[in-house]
Amino acid sequence: MDQGVAELPDWSLRDDHTAITRTFTFRNFSEAFGFMAECALVAERMNHHPEWFNVYSRVEVLLTTHDVSGLTALDLKLARAMDRAAARRGD
């Protein structure tokens, strides 16, 4: 799993190796909310939902798989999808 995390340079592995985190920053609230809406649709299709927190233009994300108390390929797949969504919005 560490190899997959290494391929996500903007994400940080939590000290206990059970989750990855990233903070996305956008130009304004509308961009941040649009990012969250797009990612919510992807997450729902995957049946894998992020823990996230939004204030104005900032979205803080934590990805982990609660069923196994750690990281799985689903977390990495959702992280890549979030990176692509953010890139379309200029993060």
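Residues numbered from 1 in each chain as written. Predicted model: local features only at pLDDT ≥ 70, side-chain atom pairs only at ≥ 80, totals over all residues. Heavy atoms only, no water.

- Naming follows an unreviewed UniProt entry, where the protein appears as Putative pterin-4-alpha-carbinolamine dehydratase of Pseudorhizobium pelagicum.
- UniProt annotates the protein under Sequence similarities (unreviewed entry) with the comment "Belongs to the pterin-4-alpha-carbinolamine dehydratase family."
- Looking at the protein in UniProt, the text filed under Catalytic activity (unreviewed entry) is "(4aS,6R)-4a-hydroxy-L-erythro-5,6,7,8-tetrahydrobiopterin = (6R)-L-erythro-6,7-dihydrobiopterin + H2O". (UniProt positions renumbered as here; feature names shortened; annotations may be inferred.)

### Observations concerning the side chain of Thr-72
Here is step 1: Note on placement: Thr-72 falls in the loop between β4 (58–63) and α3 (73–88).
Here is step 2: For Thr-72, a relative accessible area of 18% corresponds to the buried category.
Here is step 3: Reaching out from Thr-72, the side chain makes a polar contact with the side chain of Thr-65 at a distance of 2.8 Å. (Helix = DSSP H or I, 4+ residues; strand = E, 2+ residues; numbered from the N terminus. Buried < 20%, exposed > 50% of the residue type's maximum accessible area, 1.4 Å probe, protein only. Polar contact = N/O pair within 3.5 Å; in protein donor to acceptor, adjacent residues only side chain to side chain.)

### Section: the pattern of salt bridges
Here is step 1: Inspection of every chain in the model, using the stated rule, returns seven salt bridges.
Here is step 2: Of the charged contacts in the structure, one is a salt bridge between Asp-10 and Arg-22, with a shortest N-O distance of 3.9 Å. Taken as a pair, Asp-10 in the loop between α1 (2–6) and β1 (12–13) and Arg-22 in strand β2 (residues 20–25) lie far apart in primary sequence, twelve residues in all.
Here is step 3: What makes Asp-10 partly exposed here is its relative accessible area of 48%.
Here is step 4: Exposure remark for Arg-22: the relative accessible area of 11% places this residue in the buried category.
Here is step 5: Each of the salt bridges in this network shares a partner with another, and the network as a whole consists of Asp-10, Arg-22 and Asp-83. (Salt bridge = Lys/Arg side-chain N within 4 Å of Asp/Glu carboxyl O.)

### A few points about the pairing of strand β3 (residues 51–55)
Here is step 1: Pairing analysis gives five bridges linking β3 to β4, with the strands arranged antiparallel. Residue Glu-51 lies in a different strand from β4, and its bridge partner there is Leu-62.
Here is step 2: Between the antiparallel neighbours β3 and β4 lie two residues, among them Tyr-56 with a positive phi of about 45°. (Pairing = 2+ DSSP bridges.)

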